[in-house]
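Topology and contacts: notes
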Amino acid sequence: MTPLEWQRDLKRKGSKLLLSSILIAMHCHHYNINLQHMLEITMGDQGIELMYRSAEEASYFMFKEYFRKYGRIKTLKSKIELACSVYQNCGLGVLHFLKIQSDCGHAISPASHHVTGWLAKHGRRDTTGCHFTRGWIAGLFEVLFGRPLGTYKVVETACKMMRNDTCIFEIME
Amino acid sequence: MAIDGQKIIHAVMEGSRYRDAKGIIPLFGVYLSLFSVRYYNKLSFEFETTIKDTNPYNAETLLTDAAQECGYATFHGIRNSREWEEIVLPMIEKPEDQLEGFVAVAVAFGWGDLQIVELVPNERLVVRANESYEATGYLESYGFSNSSKCYMLRGVCGAFMDLIYGEAYPEGCFTFSAIEEKCRAKGDKFCEFVVKKSFKKKSFF
């Protein structure tokens, strides 16, 4: 796996926390899940869409910067490895991409921050809930294949929040 | 003995490099994640704009309450954690010192450069922040505002007082509430949060 160089890239600049020049913050599962719950309850599908688009946009600009900075990482495979490393090292969980093409893809996640957090706070749910990860994947694909924001749609077909064995994501253009 | 915030910051930074096989970061009694502040700001500010005219819930209250409930649970977990016991507890001489420990952890989390300006035990807390990512993000995306925009920090400041002076966990949440009297998003030089006893105890959460 192509790792991010954490010792070098996770830095403080005054009170700011930076990951390779991207301003980041640490938040716990309480806050992340509270936000999700609030969006779903008050806005329904519109709230889910907002969560997806917010993750997509943040992921898009983050990976644009990473791949620019890590210019030596050129192949699609190595970029995906870097992205998965970022996901894991940011405490977001584990992602495996089983199929990656410019017009479609398939990914699974056996562990996730949002799944762990949701189950801890609310228990099982009846609908898929990994809206953050869907958006995160969409933003990544748009950078990988040089497409604008909003190009890809990511659907979750199985979710550990529903007590499925793993989360499964289908990516389509 | 004064609280050494740098020790806490170091512990958080080192701790965050521990990743178990599931890519989950269990630290300070919670599960931590690191992500771009762009995500949180877009989420909060578009939520506020979208429901402003169409929903009976008040966005400002919902966002602040989400943060206060989170802050209450998180910092309760933090002060009961092994890391707190090892690093912070030796520095605490009186209950109010916990506040400095909480603020140091919040700074370590990248939420802004928080400073305690005033504390009247069990009555009033004033916290100032010069680099709140919420205010910075709002200014960059929307320009100046007529109202304060640091909902997360506002809720967290309320939670700090809940934990120190409220009833025993979990009953103390929302004993206090905060108002952001100054905000860089409004053109003020810094963001300032004033926390007092609350008249409400109920929340969406």
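Below or above, wherever it landed, is the structure these notes cover. Given the structure is predicted, the values throughout are model-derived calculations rather than measurements.

Here's the deal with the packing of helix α5 (residues 97-108) of chain B against helix α7 (residues 151-165) of chain B
Each pair of packed helices gets described by two things: the angle between the helix axes and the distance between those axes. Residues and elements named next belong to chain B. Where α5 meets α7, the closest approach of the two axes is 10 Å, and the angle between their N-to-C directions is 145 degrees. Along this stretch, α5 crosses α7, giving a crossing that reads as right-handed. Only F160, L163 and I164 of α7 make contact with α5, whose side of the interface consists of Q98, L99, F102, V103 and A106. In the contact of α5 with α7, the residues fall into seven nonpolar, one polar and no charged.

Side note on helix α2 (residues 37-51) of chain B
With 15 residues, α2(B) should cover 21 Å at 1.5 Å per step; its first-to-last C-alpha distance of 21 Å lies within 8% of that length. Those residues of α2(B) that fall on the buried side of the exposure criterion are V37(B), Y39(B), Y40(B), N41(B), K42(B), L43(B), S44(B), F45(B), F47(B), E48(B) and I51(B).

What to know about the packing of aromatic side chains
All names here are of chain A. Following the criterion strictly, the structure yields 25 aromatic pairs over all chains and no others. Taken together, a centroid distance of 5.2 Å and an interplanar angle of 85 degrees make the contact between F63 and W136 edge-to-face. Taken together, the residues F63 in helix α3 (residues 45-69) and W136 in helix α6 (residues 131-144) connect sequence positions 73 residues apart. With respect to class, F63 is no different from W136; both count as buried.

Topic: the sheet that holds strand β6 (residues 153-158) of chain A
All names here are of chain A. The strand order across the open sheet built from four strands is β4-β5-β7-β6, with neighbouring strands paired in antiparallel fashion. Of all strands in the sheet, those bounded by a partner on one side alone are β4 (93-100) and β6. The sheet shows a mean angle of 25 degrees between the axes of neighbouring strands, direction not considered. Note that strand β5 (residues 104-112) and strand β7 (residues 167-172) share six bridges and pair antiparallel. Residue pairing in the sheet places I108 in a bridge with I168 of β7. Those strands touched by helix α5 (residues 113-122) are β4, β5 and β7, and its axis lies near 45 degrees from that of β5.

Quick notes on the interface of chain B and chain A
Each side of the interface is counted separately: chain B has 51 residues, and chain A has 52 residues. Across the chain B to chain A interface the summed buried area is about 4,900 Å²; carbon plus sulfur atoms make up 66%. On inspection of chain B and its partner chain A, the count reaches four salt bridges. The shortest N-O distance in the salt bridge between E69(B) and K121(A) comes to 3.7 Å. Viewed at the interface, chain A and chain B are joined by 21 residue pairs in polar contact (both at pLDDT 80 or more). Looking at the side of chain B that touches chain A, the elements that each hand over two or more residues are α1 (5-15), β2 (30-36), α2, α3 (59-79) and α5 of chain B. Here the side of chain B that touches chain A gets 10 residues from one element, more than from any other, and that element is α2(B). Classifying every residue of the side of chain B that touches chain A gives 32 nonpolar, nine polar and 10 charged. In terms of strand pairing, strand β3 (residues 22-28) of chain A meets β2(B) through five bridges, oriented antiparallel. Looking at the pairing, I24(A) lines up with S36(B) of β2(B).

A word on the pattern of salt bridges
Here the structure, examined in full by the defined rule, presents 17 salt bridges over all chains. The residue E57(A) makes a salt bridge to R38(B) at a minimum N-O spacing of 3.2 Å. On the criterion of chain membership, the pair formed by E57(A) in helix α3 and R38(B) in helix α2 is interchain, its members lying in two chains. What makes E57(A) buried here is its relative accessible area of 18%. Residue classification places R38(B) among the partly exposed residues on the basis of a relative accessible area of 33%. The partner of E86(B) in a salt bridge is R82(B), with the nearest N and O atoms 3.3 Å apart. Of this pair, E86(B) and R82(B) both sit in helix α4 (residues 82-88), four residues apart, which is roughly one turn of that helix.

What counts and what doesn't
- Residues numbered from 1 in each chain as written.
- Chains lettered and ligands numbered in written order.
- Predicted model: local features only at pLDDT ≥ 70, side-chain atom pairs only at ≥ 80, totals over all residues.
- Heavy atoms only, no water.
- Axes fitted to C-alpha atoms, helices over the stretch in contact; angles between N-to-C directions.
- Helix = DSSP H or I, 4+ residues; strand = E, 2+ residues; numbered from the N terminus.
- Left-handed = near helix turned anticlockwise from the far one by under 90°.
- Contact = heavy atoms within 4.5 Å.
- Nonpolar A, V, L, I, M, F, W, Y, C, P; charged D, E, K, R; others polar.
- Expected span 1.5 Å × (residues − 1).
- Buried < 20%, exposed > 50% of the residue type's maximum accessible area, 1.4 Å probe, protein only.
- Phe/Tyr/Trp six-rings, centres within 6.5 Å; stacked < 30°, edge-to-face > 60°.
- Pairing = 2+ DSSP bridges.
- Buried area = accessible area lost by both parts, 1.4 Å probe.
- Salt bridge = Lys/Arg side-chain N within 4 Å of Asp/Glu carboxyl O.
- Polar contact = N/O pair within 3.5 Å; in protein donor to acceptor, adjacent residues only side chain to side chain.

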